[in-house]
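A look at the structure
Chain residues, written in single-letter form:
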Amino acid sequence: MRLRNSEINLTSHPERRVVITGIGLICSLGSTTDAVWQAIVAGKSGVGRITRFDASAFACQIAAEVLDFDPLNFIEKKDVKKMGRFIHFAIAAADEAVKMSQLKVTPENAEMVGVHIGSGIGGFDVIEREHTALLEGGPRKISPFFIPASIINLAAGHVSMRVGAKGPNEATATACTTSAHSIGDSFRIIQRGDADVMIAGGAEAAITPMGVGGFAAMRALSTRNDDPTRASRPWDKDRDGFVMGEGAGILVLEELEHAQRRGATILAEIVGYGMSADAYHMTQPAPEHEGGFRVMRNALRDANLDASVVGYLNAHGTSTPIGDTLEAHAIRNLFGKKVPVSSTKSMTGHLLGGAGGLEAGVTVLALRDQILPPTINLENQDPETDNMDFVPNHARKTSFDYAMSNSFGFGGTNGALLFKRWSE
């Protein structure tokens, strides 16, 4: 049925302010937001020898595994095998974020509550398991739950079913920028009035033989197998690659007046979102990381703010020789001052598609508590970055009002989120 012009609501929504009211974090440092944040402030490493499979034949034998997580604490036993591990993480982190926000989804508000959770790789564990079943037993041994257990959008799907959210339901897969894009796009969804609340972020569980083997084949991973806790060392001159991590980072984003009406505790405001493409190479950043420069500039432009206001930057900072140096150059070229920068991947490893959600959550907590998270294992700073402040080895108490979180992905896809300290 076609609507007549007189029946179409042509009233545009004024740009609406968006705040964070809940955070759910899971990584190798812990399975709750408080545990993760306390370990970050303490400068603890979550990297160790791989336990999920026999990695003795692999060049890289270390990872940042989530060791204290039991999906049965969140999901009924009959449903656990119907989901990949990344979905387990997404459900648990979303549960905590929603609980923290004290959000109640009811029939009256369900259509204005959405979910936007992505993953860079999705159900690698399920794909490997079911491929083994096929090879060993033939096609009849493939589980009927193989597809829904492994495809990326089922994390968002399960969370929406779990909480009853009937608004926008989406999943992004933009490599290591996935959850930054999920959060940024959710920010836009709320700004334009398509939802009042979005549960947004990302989850990843790619510490599997194919996951580790694939990145090792690219020579992207650290091989500091005999010293795992010191393997992730962004901007240290002896860095030799990143350390794979797993887990999830989920935020509850909410329109400001909606949050205030229900008396929610506001953790921070999201004020800017930038996107850009390098259009350069499959895996390497463009020279001087000009794509990274533009994405940070775009986030500031979106917020109508000058670079000088930013008091902390949670960098992509993966601990790779080329990427770290070029990101540092982009930061220096844009900010032109000694803005404090740290990489919490030095502690958590790299969660791939879940990294941006985890790091956005950490950035919000840093603003809330006025603490700069450290970059651990920074013992001999790369001379090419010797005039930069990477908050080496110890957290720092300070005062700042704006903080940015960077995410960069294969294919040259970039995202930056800009947060503001909340004050009434």
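The coordinates are above.
Quantities reported herein were computed from a predicted structural model and do not represent experimental measurements. (Residues numbered from 1 in each chain as written. Predicted model: local features only at pLDDT ≥ 70, side-chain atom pairs only at ≥ 80, totals over all residues. Heavy atoms only, no water.)

Another aspect to go through is helix α8 (residues 209–217). Restricting attention to buried positions, one finds in α8 the residues G211, V212 and F215. The buried residues of α8 occupy an angular sector of 90 degrees when the element is viewed end-on, so they sit on one face. Turned more than 90 degrees from where α8 packs its buried face, M210 and A217 sit exposed. Positioned one or two residues after α8, R219 has a phi angle of 60 degrees, which is positive. (Buried < 20%, exposed > 50% of the residue type's maximum accessible area, 1.4 Å probe, protein only. Helix = DSSP H or I, 4+ residues; strand = E, 2+ residues; numbered from the N terminus. Arc of directions from axis to C-beta.)

Most of strand β14 (residues 413–421) sits out of view: seven of its nine residues are buried. Both strand β13 (residues 402–409) and β14 contribute to a ladder of eight bridges, which runs antiparallel. Considered in β14, the bridge of G409 is made with T413. Turn length for the β13-β14 hairpin, with the two strands adjacent in sequence and antiparallel, is three residues, and the turn residue G411 shows positive phi of about 85 degrees. (Pairing = 2+ DSSP bridges.)

All right, on to a nonpolar patch on the surface then. A contiguous nonpolar patch, built from L134, L135 and I142 and spanning about 250 Å² of accessible area, is present on the exposed surface. Mapped onto the secondary structure, L134 falls in helix α4 (residues 124–137). (Patch = residues over 30% accessible without salt bridge, like charges linked within 9 Å, V, L, I, M, F, W, Y side chains within 5 Å. Areas by Shrake-Rupley, 256 points an atom, 1.4 Å probe, with all protein chains shown as cover. Salt bridge = Lys/Arg side-chain N within 4 Å of Asp/Glu carboxyl O.)

In this section: the packing of helix α3 (residues 85–101) against helix α6 (residues 154–163). Relative to each other, α3 and α6 sit at 40 degrees, their axes nearing to 9 Å. Taken together, the axis directions place α3 and α6 in an arrangement best described as oblique. The interaxial crossing formed by α3 with α6 has right-handed handedness. Where α3 approaches α6, its residues F86, I87, A90, I91, A94, D95 and V98 are matched on the opposing element by L154, A155, H158, V159, R162 and V163. Looking at side-chain class alone, the contact of α3 with α6 contains 10 nonpolar, one polar and two charged residues. (Axes fitted to C-alpha atoms, helices over the stretch in contact; angles between N-to-C directions. Parallel < 35°, antiparallel > 145°, perpendicular 65-115°, else oblique. Left-handed = near helix turned anticlockwise from the far one by under 90°. Contact = heavy atoms within 4.5 Å. Nonpolar A, V, L, I, M, F, W, Y, C, P; charged D, E, K, R; others polar.)

Here the focus is the environment of A299. Tracing the chain through its elements places A299 in helix α10 (residues 290–303). A sequence separation of 120 residues divides A299 from F419, and the C-alpha atoms of the two residues are 10.0 Å apart.

Summed over the entire model, instances satisfying the criterion amount to seven aromatic pairs. When the ring of W235 is compared with that of F390, the centres are 4.0 Å apart and the planes differ by 5 degrees; the resulting orientation is stacked. Remark: F390 occurs in the loop between β11 (371–372) and β12 (396–397) and W235 occurs in the loop between α8 and β7 (247–255); sequence separation between them is 155 residues. With a relative accessible area of 0%, W235 lands in the buried category. The class of F390 is buried, set by a relative accessible area of 1%. The rings of F69, F74 and F89 are connected pair by pair, giving a single aromatic cluster. (Phe/Tyr/Trp six-rings, centres within 6.5 Å; stacked < 30°, edge-to-face > 60°.)

Bringing the pairing of strand β9 (residues 310–314) into the picture now. Judged by how many residues are buried, β9 sits mostly within the fold: five of five residues are covered. Here four bridges tie β9 to β13, and the two strands are oriented parallel to one another. Of the residues in β13, the one forming a bridge with L313 is M404. One crossover worth recording links β9 to the parallel strand β10 (residues 341–342) by way of helix α11 (residues 321–335), and it is right-handed. (Right-handed = clockwise from strand over helix to strand, strands pointing away.)

So, on to the layout of surface pockets. Here the largest pocket defines a volume of roughly 560 Å³. As for the largest pocket, its lining consists of 30 residues, of which T283, Q284, P285, T320 and F410 are closest to the centre. Listing elements by their share of the lining of the largest pocket, those giving two or more residues are α11 and β13. Sorting elements by how many residues they give to the lining of the largest pocket places α11 first, with five residues. Across the lining of the largest pocket, the residue classes break down as 11 nonpolar, 15 polar and four charged. (1 Å grid on protein atoms, 1.4 Å probe; cavity = no way out; pocket = protein on both sides within 12 Å on 5 of 7 lines; lining within 4 Å. Points joined across faces, edges and corners; volume = space filled by probe spheres on them.)

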